[in-house]
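What follows is each chain in one-letter form.
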Amino acid sequence: AIANITVSSTPTQITRQRANSDEIRAYGAEFEADVRASAALSFTGQLTLTSSEFRGSVATPAIAGNKVTQVPAWSAAAGVVWTDPRIATLNLQVRA
(Lines give C-alpha, C1' and ligand atoms only; values in the text may rest on other atoms or scores of the structure.)
Protein backbone atom coordinates (compact mmCIF):
# COMPACT_ATOMS: atom_id res chain seq x y z
CA ALA A 1 0.00 0.00 0.00
CA ILE A 2 1.09 3.57 -0.61
CA ALA A 3 1.26 5.99 2.34
CA ASN A 4 1.78 9.75 2.57
CA ILE A 5 4.67 10.44 4.97
CA THR A 6 5.16 13.93 6.44
CA VAL A 7 8.79 14.92 5.81
CA SER A 8 8.64 18.40 7.34
CA SER A 9 6.05 20.79 8.69
CA THR A 10 6.02 24.55 9.21
CA PRO A 11 3.11 26.90 9.97
CA THR A 12 2.79 27.68 6.25
CA GLN A 13 3.82 24.45 4.52
CA ILE A 14 3.63 20.69 4.97
CA THR A 15 5.98 18.58 2.82
CA ARG A 16 4.90 14.98 2.24
CA GLN A 17 6.42 12.06 0.42
CA ARG A 18 4.64 9.00 -0.93
CA ALA A 19 6.20 5.73 0.22
CA ASN A 20 5.41 2.03 0.16
CA SER A 21 4.22 0.53 3.41
CA ASP A 22 5.58 -2.92 4.23
CA GLU A 23 2.36 -4.60 5.28
CA ILE A 24 -1.40 -4.09 5.48
CA ARG A 25 -4.16 -6.32 6.76
CA ALA A 26 -7.45 -6.42 4.87
CA TYR A 27 -10.48 -8.60 5.35
CA GLY A 28 -14.14 -8.41 4.54
CA ALA A 29 -17.28 -10.04 3.24
CA GLU A 30 -19.27 -9.90 0.04
CA PHE A 31 -22.98 -10.60 -0.30
CA GLU A 32 -24.86 -11.07 -3.55
CA ALA A 33 -28.48 -11.86 -4.42
CA ASP A 34 -30.37 -12.48 -7.66
CA VAL A 35 -34.18 -12.44 -7.75
CA ARG A 36 -36.09 -13.61 -10.83
CA ALA A 37 -39.28 -11.63 -11.38
CA SER A 38 -40.07 -13.60 -14.55
CA ALA A 39 -38.34 -15.79 -17.12
CA ALA A 40 -36.97 -12.69 -18.84
CA LEU A 41 -36.48 -10.22 -15.96
CA SER A 42 -34.31 -10.42 -12.85
CA PHE A 43 -32.96 -8.04 -10.22
CA THR A 44 -29.49 -8.19 -8.67
CA GLY A 45 -27.87 -6.68 -5.61
CA GLN A 46 -24.39 -6.76 -4.08
CA LEU A 47 -22.88 -5.43 -0.85
CA THR A 48 -19.17 -5.50 -0.01
CA LEU A 49 -17.76 -4.73 3.44
CA THR A 50 -13.99 -4.21 3.84
CA SER A 51 -11.76 -3.42 6.78
CA SER A 52 -8.10 -2.60 6.12
CA GLU A 53 -5.31 -1.14 8.23
CA PHE A 54 -1.60 -0.55 8.05
CA ARG A 55 0.46 -3.07 10.03
CA GLY A 56 4.06 -2.63 11.15
CA SER A 57 6.47 -0.95 8.77
CA VAL A 58 10.15 -0.08 9.00
CA ALA A 59 9.75 2.86 6.62
CA THR A 60 6.46 4.15 8.07
CA PRO A 61 6.10 3.14 11.76
CA ALA A 62 3.88 6.12 12.66
CA ILE A 63 0.97 4.90 10.51
CA ALA A 64 0.63 1.43 12.06
CA GLY A 65 -3.01 0.86 13.00
CA ASN A 66 -4.36 3.59 10.68
CA LYS A 67 -6.94 2.78 8.01
CA VAL A 68 -5.64 2.33 4.47
CA THR A 69 -6.70 5.32 2.39
CA GLN A 70 -8.77 4.85 -0.76
CA VAL A 71 -10.19 1.52 0.46
CA PRO A 72 -13.91 2.04 1.05
CA ALA A 73 -15.47 0.49 4.15
CA TRP A 74 -18.43 -0.55 2.01
CA SER A 75 -19.61 -0.57 -1.58
CA ALA A 76 -22.92 -1.59 -3.10
CA ALA A 77 -24.47 -2.26 -6.48
CA ALA A 78 -27.95 -2.95 -7.83
CA GLY A 79 -29.01 -4.01 -11.25
CA VAL A 80 -31.73 -5.16 -13.63
CA VAL A 81 -31.22 -7.92 -16.23
CA TRP A 82 -33.56 -8.48 -19.16
CA THR A 83 -33.06 -11.59 -21.30
CA ASP A 84 -34.60 -12.65 -24.59
CA PRO A 85 -32.69 -15.71 -25.88
CA ARG A 86 -33.65 -14.87 -29.48
CA ILE A 87 -32.27 -11.30 -29.33
CA ALA A 88 -29.95 -10.33 -26.49
CA THR A 89 -29.35 -9.90 -22.78
CA LEU A 90 -29.35 -6.36 -21.41
CA ASN A 91 -27.86 -5.55 -18.02
CA LEU A 92 -28.12 -2.20 -16.22
CA GLN A 93 -26.08 -1.78 -13.04
CA VAL A 94 -25.62 1.12 -10.59
CA ARG A 95 -22.73 1.22 -8.12
CA ALA A 96 -22.11 3.29 -5.00
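Details of the structure are given in the entry above.
Note that the structure is a prediction, hence the values are computed from the model and not measured.

1. Points about the layout of surface pockets
Estimated volume of the largest pocket: approximately 190 Å³. Lining the largest pocket we find Ala-1, Ile-2, Ala-3, Asn-4, Arg-18, Phe-54, Ile-63, Asn-66, Lys-67, Val-68, Thr-69 and Gln-70. Per-element tally for the lining of the largest pocket: the top contributor is strand E1 (residues 2–9), with three residues. Among the residues forming the lining of the largest pocket, the class breakdown is six nonpolar, four polar and two charged.

2. Considering the pairing of strand E6 (residues 88–95)
Here E6 lies mainly on the outside; zero of its eight residues are buried. Pairing geometry for strand E5 (residues 74–84) and E6, over eight bridges, is antiparallel. Within E6, the position partnered with Val-80 by the bridge is Leu-92. Between E5 and the antiparallel strand that follows it, E6, lie three residues.

3. Here we look at a nonpolar patch on the surface
Where nonpolar side chains cluster on the molecular surface, the patch consists of Phe-31, Leu-47, Leu-49 and Trp-74 and spans about 400 Å² of accessible area. Mapping Leu-49 onto the fold places it in strand E4 (residues 41–54). For Leu-49, a relative accessible area of 37% puts it in the partly exposed group.

4. Some thoughts on the pattern of salt bridges
Considering all chains together, one arrives at two salt bridges under this definition. The closest approach of N and O atoms between Glu-53 and Arg-55, which form a salt bridge, is 3.3 Å. We classify Glu-53 as partly exposed; its relative accessible area is 30%. Residue Arg-86 is joined to Asp-84 by a salt bridge in which the shortest nitrogen-to-oxygen separation is 3.2 Å. Residue class for Asp-84 comes out buried when judged on its relative accessible area of 12%.

5. Digging into the side chain of Ser-52
Tracing the backbone shows Ser-52 in strand E4. Sequence-distant contacts of Ser-52, that is, excluding residues within four places in its chain, are made with Arg-25, Ala-26, Asn-66, Lys-67, Val-68 and Val-71.

6. A word on the sheet that holds E5
A sheet is described by the order of its strands in space; here four strands give the open sequence E3-E4-E5-E6, paired in antiparallel fashion. The open sheet has two edge strands with one neighbour each: strand E3 (24–36) and E6. Shown here is a sheet whose adjacent strand axes are inclined to one another by a mean of 15°, direction ignored. Bridge count between E4 and E5: nine bridges; the pairing is antiparallel. The residue bridging Leu-41 from the neighbouring strand is Trp-82, located in E5.

Parameters and conventions
- Along every chain, residues carry numbers that run from 1 in the direction the sequence is written.
- Reporting of local features is limited, given that this is a predicted model, to residues whose pLDDT is at least 70; pairs of side-chain atoms are given and counted only at 80 or more, and all residues count toward the totals for whole chains, interfaces and linings.
- Hydrogens are left out, water is left out, and the side-chain values use all remaining heavy atoms of the structure.
- As defined here, a cavity is a set of points on a 1 Å grid over the protein atoms alone where a 1.4 Å probe fits but cannot get out. A pocket is an open set with protein on both sides within 12 Å along at least five of seven lines, and residues line them when an atom is within 4 Å of a point.
- Grid points are joined across faces, edges and corners, and a volume is the space filled by probe spheres set on the points.
- Strands here mean DSSP runs of E at least two residues long; helices mean DSSP runs of H or I at least four residues long; both are numbered from the N terminus.
- Each residue is assigned to one class: nonpolar for Ala, Val, Leu, Ile, Met, Phe, Trp, Tyr, Cys and Pro, charged for Asp, Glu, Lys and Arg, and polar for all the others, Gly among them.
- Partly exposed describes any residue whose relative accessible area lies between the buried limit of under 20% and the exposed limit of over 50%, with all areas from a 1.4 Å probe on protein chains only and scaled to the type maximum.
- One requirement defines pairing of two strands: DSSP has to find at least two bridges between them.
- Excluding any residue in a salt bridge, patches collect residues exceeding 30% relative accessible area, merging like charges within 9 Å and nonpolar Val, Leu, Ile, Met, Phe, Trp and Tyr side chains within 5 Å.
- Residue-level accessible areas treat just the shown protein chains as cover; the underlying method is Shrake-Rupley with a 1.4 Å probe.
- Salt bridge, as used here, is a side-chain nitrogen of Lys or Arg placed within 4 Å of a carboxyl oxygen of Asp or Glu.
- Contacts are residue-level and defined by heavy atoms, with any inter-residue pair within 4.5 Å sufficient.
- Throughout, an axis means a line fitted to C-alpha atoms (over the contacting stretch in the case of helices), and angles, computed between N-to-C directions, take values from 0 to 180 degrees.

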